[in-house]
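Survey of secondary and tertiary structure
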Amino acid sequence: MSVVDSYRRRGKKPRPFPTVAPLDVRVGDSTVTTYTYGADLFEAMLAAIDGARRQVLFETYIWKGDAVGERFKAALAAAAARGVEVFCVYDGFANLVDSPRFLHFPHSMRVLRYPVYAAGWRFFDLRRYGRNHRKLLVVDDEVGFVGGYNIGAAYATEWRDTHVRITGPAVSDLKRTFADLWNLHRRRRMRPSERPLLIETPSSWEPRIRLHRNVPRLWMFPIRGMYLEAISRASRNVWITQAYFLPDQDFVDALKQAAARGVDVRLLVPLKSNHVVADWISRGYYSQLLDSGVRIFRFRDAMVHAKTATVDGTWSTVGTANIDRLSLTGNYEVNVEIFDERQAEVMEEIFRVDESNSLELRRAEWEARDLHRKFTEAVLAPLRPLL
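A quick note: this is a predicted structure, and the numbers were derived from the prediction, not measured.

This part is about the overall build of the chain. If you tally the helices and strands in the chain, you get 13 helices and 20 strands. Within the span of the chain, comprising 387 residues, buried residues form 56% of the whole. Contacts in the chain between residues far apart in sequence, at least 24 positions, make up 77% of those at least 6 positions apart. Surface summary for the chain: the accessible area is close to 17,000 Å², and the carbon and sulfur share equals 55%.

Within this numbering scheme, the UniProt entry marks residues 128-155 and 300-327 as carrying the feature "domain: PLD phosphodiesterase" (unreviewed entry). The span residues 128-155 is 11% helical and 32% strand by assignment, and the distance between its end C-alpha atoms comes to 29 Å. The span residues 300-327 is 11% helix and 50% strand, and its two end C-alpha atoms sit 24 Å from each other.

Before going further, it helps to spend a moment on unusual backbone geometry. Not every positive phi belongs to a glycine, and Asp140 is a case in point at roughly 55°. For Asp140, the location among the structural elements is in the loop between β6 (136-139) and β7 (143-147). At Asp301, a residue that is not glycine, the phi angle is positive and equals roughly 70°. Looking at the secondary structure, you find Asp301 in the loop between β14 (295-299) and β15 (303-304). Under the relative-accessibility criterion, Asp301 is labelled partly exposed at 36%.

A separate point is the sheet that holds strand β19 (residues 333-339). The strand order across the open sheet formed by eight strands is β10-β19-β17-β16-β11-β13-β14-β20, and the pairing between neighbours is mixed. Of all the strands in the sheet, the pair left with one neighbour each is β10 (209-214) and β20 (358-360). If you compare each strand with its neighbour and ignore which way they point, the axes differ by 15° on average. The pairing of strand β13 (residues 264-270) with β14 spans five bridges and is classified as parallel. In the strand pairing of β14, Leu267 is matched with Ile296.

Now for the nonpolar core. For soluble globular proteins, nonpolar side chains are generally found buried alongside one another. By size, the foremost hydrophobic cluster in this structure holds 48 residues, and its most contacted members are Phe42 and Phe72. Within the residue set of this core, elements represented by two or more residues are α2 (38-50), β3 (55-60), α3 (67-81), β4 (85-91), β6, β7, α4 (153-157) and α8 (276-282). Those residues within four positions of Phe72 in sequence are excluded, and the remaining contacts are Phe42, Met45, Leu46, Ile49, Phe58, Trp63 and Ile151.

In a regular helix each residue adds 1.5 Å, so 12 residues correspond to 16 Å; helix α6 (residues 222-233) covers 17 Å between its end C-alpha atoms and thus fits that length. Every buried residue of α6 is accounted for by Ile223, Met226, Tyr227, Leu228, Ala230 and Ile231.

Another aspect to go through is the packing of aromatic side chains. One pass over the structure, following the stated rule, counts 20 aromatic pairs. Relative to Tyr37, the ring of Phe17 lies with its centre 6.4 Å away and its plane at 65°, an arrangement referred to as edge-to-face. With a gap of 20 residues between them, Phe17 in the loop between α1 (2-9) and β1 (23-27) and Tyr37 in the loop between β2 (30-35) and α2 connect regions that are remote in the sequence. Exposure remark for Tyr37: the relative accessible area of 25% places this residue in the partly exposed category. By the ring-pair criterion, three or more aromatic residues cluster together here, those being Phe42, Phe58, Trp63, Phe72, Tyr90, Phe102, Phe105 and Tyr149.

We now examine the packing of α6 against helix α7 (residues 249-260). Direction vectors running N to C along α6 and α7 enclose 15°, while the axes themselves pass 9 Å from each other. Taken together, the axes of α6 and α7 are roughly parallel relative to one another. α6 and α7 meet at a crossing whose hand is left-handed. The residues of α7 that touch α6, namely those facing Arg224, Tyr227, Leu228 and Ile231, are Asp250, Phe251, Ala254, Leu255 and Ala258.

On the surface, Phe93, Leu96, Val97, Val116, Tyr117, Trp121, Phe123, Phe124, Leu126, Tyr129 and Trp219 cluster together to form a nonpolar patch covering roughly 1,400 Å² of accessible area. Mapped onto the elements, Phe93 comes out in the loop between β4 and β5 (110-114). Note on Phe93: relative accessible area 43%, which makes it partly exposed.

Criteria and thresholds
- Residues numbered from 1 in each chain as written.
- Predicted model: local features only at pLDDT ≥ 70, side-chain atom pairs only at ≥ 80, totals over all residues.
- Heavy atoms only, no water.
- Helix = DSSP H or I, 4+ residues; strand = E, 2+ residues; numbered from the N terminus.
- Buried < 20%, exposed > 50% of the residue type's maximum accessible area, 1.4 Å probe, protein only.
- Contact = heavy atoms within 4.5 Å.
- Areas by Shrake-Rupley, 256 points an atom, 1.4 Å probe, with all protein chains shown as cover.
- UniProt positions renumbered as here; feature names shortened; annotations may be inferred.
- Pairing = 2+ DSSP bridges.
- Axes fitted to C-alpha atoms, helices over the stretch in contact; angles between N-to-C directions.
- Core = buried A, V, L, I, M, F, W, Y, C linked by side-chain atoms within 4.5 Å.
- Expected span 1.5 Å × (residues − 1).
- Phe/Tyr/Trp six-rings, centres within 6.5 Å; stacked < 30°, edge-to-face > 60°.
- Parallel < 35°, antiparallel > 145°, perpendicular 65-115°, else oblique.
- Left-handed = near helix turned anticlockwise from the far one by under 90°.
- Patch = residues over 30% accessible without salt bridge, like charges linked within 9 Å, V, L, I, M, F, W, Y side chains within 5 Å.
- Salt bridge = Lys/Arg side-chain N within 4 Å of Asp/Glu carboxyl O.

In structure tokens form, the structure reads like this:
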């Protein structure tokens, strides 16, 4: 499968795709800024790190050792050198291909490498097998970032993803999210780089912005329930953008039931993702979705990696969790849930722009697909529960 993925990428040059400029929305005492282009996001993140005075909490799944990755490493090291507390977490498995030189950090930075194999001798403890798939940044208790973007040059210009920047009371929840994972997985020796990260209870909170965290070690997976509850309440529209759509049958049934009661249900996925297996298995759900009236759009010319949804013009989510078993019942993930009409309007605008760069899958086209595609869908169907 890796060979097929490599072959599909061979000779492919990135093409431009439409995006929406960063948009600010006031939600209570907080502000939410939505980014759909990596270069814009990275400049905002680096500016926040450069302006840090007390503390930086940085967490990512993939951290490429390229020019963009080096910029982030240099900015974090510079912050630590001027006396800022810098805590970093990255996933060891996702960065196996990075050079050891790049992953060597100054002692002034406190860095946690989430282990490639975290179960130790507890081979049968499924709670210890999840990857750390989260991407977030918190600076000085004042600004936080969370969403689908990994760190690297390709993500700056070649991938279509979504991230949000949050200021105000909601930032404290992002800080707690980082601290809980750090304290759960740090080594217990009390060296400065491994000491616990202490947090204070915030004096206020923003009820319209909620953080949902999947924590495999605690067998806690609220993001799936968040999605299902929002879909079950929908009366007007459910618009979902997903990089890898590999749901369980309950999730599929929720979408079908929403469409059956007249809800405008739309799913936007990559025309060709960076994982051919995900594409082939995802297509196994298309027949029943199309039969129930769900519209499926396939994003062209670039990898759409966003994990977002908006419902009824009032509810939205942006985060790190894909709609698949690994994200919803396996990995460490974080999604922000926002109850705000203006933010939902922004997410609908972004969806329409993405839809303008997509091909809608029609029922006749789907039924006319070749035998090879039908064969791969059938052969890979048993893998659905594993992915």
